[in-house]
Amino acid sequence: MTAKQPDPAFPATPAASVWQAGWLAGARRCPSPNIGARPAGVMIDLVVIHSISLPPGQYGGDEVQRLFTNTLDWDVHPWFSQIRGLQVSAHFYIRRTGELWQFAPVQARAWHAGASSYEGRPNCNDYSIGIELEGLEGGLFEDAQYATLAALCRALATACPIRAVAGHEHIAPGRKHDPGSGFDWPRLRRALQDLHWRFPCTDAPPQP
């Protein structure tokens, strides 16, 4: 699987964020076919945070990248029978190490939210950026992931009129539960407080 090599300074150096036709310099580039055009005139003003690991709880492989590029071998693990034929994508994926992958340019509509709504607006895929964190729903995340996520959010603020960030659980309550109780929303809010984005109403510490 070919990919653009990452800039190791990116997680600690938001100033290194350079956009090239919707692609972020410093991220591994791995284009997904599972994207489309956004509705005309839509404002990209929401970031949606997800968690994913394939198989669940196993880290370090390339299964997520293969899922997003329709190259996953459904027969390599019994659990994959549950998602056989699924065609999905996100704009970004952050590994446990903090390594950043990008699958879709920010102006494209990625397939990450599904049936969803934010503040009364349906179809979050139309106006959001999807970020997947390598992790287990409800589990804890790594310091390196928070560092990359904060830097990525700052980069996105220079490319899109982002006004809010939410979890998949907040835009599809009852249907989705990620990133879950292990994600530290107060930590991310503190890191981005000068951006004045809206955050989910939670001050609870993460629960393992």
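About the criteria used
Counting of residues starts from 1 at the beginning of each chain's written sequence and follows it residue by residue. In keeping with the predicted nature of the model, local features appear solely for residues at pLDDT of at least 70, side-chain atom pairs appear and are counted solely at 80 or more, and the whole-chain, interface and lining totals rest on all residues. Hydrogens are left out, water is left out, and the side-chain values use all remaining heavy atoms of the structure. We count a stretch as a helix when DSSP gives it H or I for four or more residues in a row; a strand needs E for two or more, and each element gets its number in order from the N terminus. Throughout, exposure labels follow a simple rule: accessible area from a 1.4 Å probe, protein chains only, divided by the maximum for the residue type, with under 20% read as buried, over 50% as exposed, and the rest as partly exposed. All accessible areas in this document rest on Shrake-Rupley with a 1.4 Å probe, and a residue is counted as covered only by the protein chains that are shown. Definitions used throughout: a 1 Å grid over protein atoms alone; a cavity as a set of points that fits a 1.4 Å probe which cannot get out; a pocket as an open set with protein on both sides within 12 Å along at least five of seven lines; a lining residue as one with an atom within 4 Å of a point. Grid points are joined across faces, edges and corners, and a volume is the space filled by probe spheres set on the points. Note on residue classes: Ala, Val, Leu, Ile, Met, Phe, Trp, Tyr, Cys and Pro are nonpolar, Asp, Glu, Lys and Arg are charged, and everything else, Gly too, is polar. Among buried residues, those of type Ala, Val, Leu, Ile, Met, Phe, Trp, Tyr and Cys that are joined through side-chain atoms within 4.5 Å constitute a nonpolar core. Any pair of residues with heavy atoms lying within 4.5 Å of one another is described as a contacting pair. Note on scores: pLDDT gives the predictor's confidence for each residue, bounded by 0 and 100. One side-chain nitrogen of Lys or Arg within 4 Å of one carboxyl oxygen of Asp or Glu is enough to make a salt bridge. Strands qualify as paired when DSSP identifies two bridges or more between them. When two rings of Phe, Tyr or Trp (its six-membered ring) have centres within 6.5 Å they constitute a pair, described as stacked for plane angles under 30 degrees, edge-to-face for angles over 60, and tilted for the intermediate range. Criterion for a charge above a ring: Arg CZ or Lys NZ at most 6 Å from the ring centre, at most 35 degrees from the ring normal.

Draft legend 1. Spatial organisation of the overall build of the protein. Scanning the protein from N- to C-terminus turns up four helices and 12 strands. Expressed as a percentage of its 208 residues, the buried residues of the protein come to 50%. When the accessible area of the protein is evaluated, it comes to approximately 9,300 Å², of which 54% is carbon and sulfur surface.

Draft legend 2. Empty space enclosed by the protein, seen in detail. Taken as a whole, this structure holds one cavity of 30 Å³ or more when the rule is applied. Its boundaries defined by the atoms lining it, the largest cavity holds a volume of some 30 Å³. Ser-53, Leu-54, Gln-58, Gly-60, Gly-61, Asp-62, Glu-63, Val-64, Tyr-93, Arg-95 and Glu-134 are the residues that line the largest cavity. Per-class residue counts for the lining of the largest cavity are three nonpolar, four polar and four charged.

Draft legend 3. Fine view of the nonpolar core. Membership of the largest hydrophobic core comes to 29 residues, with the highest contact counts inside it found for Val-47, Ile-49, Phe-92, Ile-131, Leu-156 and Phe-183. Of all the elements in the fold, those that place two or more residues in this core are strand S5 (46-52), strand S6 (92-94), strand S11 (128-134), helix H2 (143-159) and helix H4 (185-191). When near neighbours in sequence (up to four residues on either side) are disregarded, Leu-156 contacts Trp-19, Val-47, Phe-92, Val-106, Ile-129, Ile-131 and Ile-162. Counting 15 residues, the second-largest nonpolar core is a separate cluster that includes Ile-52, Leu-67, Phe-68 and Phe-80.

Draft legend 4. The confidence of the model for the protein, seen in detail. Counting all residues, the mean pLDDT for the protein is 92, and 89% of those residues have values of 70 or more. Scored below 50 in pLDDT, residues 2-9 makes 15 contacts in the model with residues more than four places away or belonging to other chains. With pLDDT under 50 throughout, residues 11-16 is counted as low confidence; its partners more than four residues away or in other chains account for eight contacts.

Draft legend 5. Quick peek at the pattern of salt bridges. Summed over all chains, the structure comprises 11 salt bridges. The partner of Asp-62 in a salt bridge is Arg-66, and the shortest N-O contact between them spans 2.9 Å. Arg-66 sits in the partly exposed class, given a relative accessible area of 29%. Between Asp-143 and Arg-187 there is a salt bridge; the shortest N-O distance is 3.0 Å. Pair noted here: Asp-143 is in helix H2 and Arg-187 is in helix H4, with a separation of 44 residues, a long-range link. In this structure, a network of salt bridges that share partners links the residues Asp-45, Arg-121 and Arg-163.

Draft legend 6. The arrangement of the sheet that holds strand S7 (residues 100-102) in detail. One open sheet holds the six strands; their spatial order is S3-S7-S6-S11-S5-S12, and the pairing between them is mixed. With partners counted over all chains shown, the strands left at the sheet margins are strand S3 (28-29) and strand S12 (164-167), one partner each. Both S3 and S7 contribute to a ladder of two bridges, which runs parallel. Residue Arg-28 lies in a different strand from S7, and its bridge partner there is Trp-101.

Draft legend 7. Quick peek at the packing of aromatic side chains. Under the counting rule described, the total for this entry stands at seven aromatic pairs. Judged by centre distance (5.9 Å) and plane angle (75°), the ring pair of Phe-141 and Phe-183 falls under edge-to-face. Of this pair, Phe-141 sits in the loop between S11 and H2 while Phe-183 sits in the loop between helix H3 (168-171) and H4, and the two are 42 residues apart along the sequence. Phe-183 shares its class with Phe-141; the two are buried. The rings of Phe-141, Tyr-146, Phe-183 and Trp-185 are connected pair by pair, giving a single aromatic cluster. One residue, Arg-96, lies across the ring of Tyr-59, its end atom 4.6 Å from the ring centre. A cation over a ring is seen here: Arg-121 above Tyr-127, with NZ or CZ 4.0 Å from the ring centre.

Draft legend 8. Quick look at the pairing of S5. Most of S5 is tucked away: seven of the seven residues are buried. Relative to S11, S5 runs parallel, the two being bridged by seven bridges. Note on S11: the bridge partner recorded for Val-48 is Gly-130. Across four bridges, the pairing between S5 and S12 is parallel. Bridge pairing in S12 links Val-47 to Val-165.

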